[in-house]
Amino acid sequence: FHHYSREKLPAFEWAGVSVNLLMGELNGRTSPIQYPWKVFYAACSAKKKESLKFDCFEDELAVYVVSGEINFQNKKFDQSMLITINRGESLDIQFE
């Protein structure tokens, strides 16, 4: 186990959404945290209604709602819910 300070982890704005990349690669940024499989793990938050689109190039992509709610395919997902998509699909989420 290696500890990384918050300052070493990529943090950026993407389409009005604050993103902290904890593991993997996303939007041209790479986390220093190593993992034996190709994954990305990011914490995203928005203060107002914003949206992000993720394309799934791996076997599966999942989004877990920690707090608040998001809208995906005209359905509301709130705290403690998980959304998954498969390779070739897109995940277009709206932060509510």
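Bear in mind that the values here come from a model prediction, so they are computed numbers and not experimental data.

Student: Is there a simple way to think about the pairing of strand β10 (residues 82–86) in this case?
Tutor: As a general feature of sheets, a regular strand has side chains that alternate between the two faces. Residues Ile 83 and Ile 85 point to one face of β10 and are all buried, whereas Leu 82, Thr 84 and Asn 86, pointing to the other face, are not buried. Looking at chain direction, strand β7 (residues 60–64) and β10 are connected through 5 bridges and run antiparallel. Counterpart to Tyr 64 in the pairing with β10 is Leu 82.

Student: Sorry if this is basic, but what is going on with the pattern of salt bridges here?
Tutor: Pairing is possible between side chains that carry opposite charge, provided their charged atoms lie close to one another. Under the definition given, this model contains 6 salt bridges. A salt bridge links Glu 50 to Lys 48; its shortest N-O distance comes to 3.9 Å. Notably, a salt bridge pairs Lys 76 with Glu 96, separated by 3.5 Å at the nearest N-O pair. Highlighted residues: Lys 76 in strand β9 (residues 75–78) and Glu 96 in the segment after β11 (90–95), separated in sequence by 20 residues. For Glu 96, a relative accessible area of 35% gives the class partly exposed. Counted as one network, the salt bridges with shared partners bring together Lys 49, Glu 69, Lys 76 and Glu 96.

Student: Where do I start with the environment of Val 66 in this structure?
Tutor: Looking at where Val 66 falls in the secondary structure, it is placed in the loop between β7 and β8 (69–72). With relative accessibility at 59%, the residue Val 66 sits in the exposed group. Considering only alpha carbons, one finds Val 66 and Lys 49, 17 residues apart in sequence, at a separation of 16 Å.

Student: Would you explain the sheet that holds strand β5 (residues 41–45) in this entry?
Tutor: By way of backbone hydrogen bonds, the strands of a sheet pair with one another, either parallel or antiparallel. Strands sit in the order β1-β2-β5 across an open sheet of 3 strands; the sheet is antiparallel. Looking at the sheet topology across the chains shown, the edges are occupied by β1 (11–14) and β5. Pairwise comparison of adjacent strand axes, ignoring direction, gives a mean angle of 30° for this sheet.

Student: Can you walk me through the packing of aromatic side chains in this structure?
Tutor: The description of two aromatic rings rests on the distance between their centres and on the angle between their planes. Applying the stated criterion across every chain yields a total of 4 aromatic pairs. Taking 6.4 Å as the distance between ring centres and 50° as the angle between the ring planes, the aromatic pair formed by Phe 72 and Phe 77 counts as tilted. Across the pair, exposure class does not vary: Phe 72 and Phe 77 are buried alike. Each residue in the set Trp 14, Phe 40 and Phe 54 is aromatic and connected to the rest through ring pairs, giving one cluster. Positioned above the aromatic ring of Phe 12, the side-chain terminus of Arg 29 is 4.1 Å from the ring centre.

Reading guide: rules and limits
- Residues numbered from 1 in each chain as written.
- Predicted model: local features only at pLDDT ≥ 70, side-chain atom pairs only at ≥ 80, totals over all residues.
- Heavy atoms only, no water.
- Buried < 20%, exposed > 50% of the residue type's maximum accessible area, 1.4 Å probe, protein only.
- Helix = DSSP H or I, 4+ residues; strand = E, 2+ residues; numbered from the N terminus.
- Pairing = 2+ DSSP bridges.
- Salt bridge = Lys/Arg side-chain N within 4 Å of Asp/Glu carboxyl O.
- Axes fitted to C-alpha atoms, helices over the stretch in contact; angles between N-to-C directions.
- Phe/Tyr/Trp six-rings, centres within 6.5 Å; stacked < 30°, edge-to-face > 60°.
- Lys NZ or Arg CZ within 6 Å of the ring centre and 35° of its normal.

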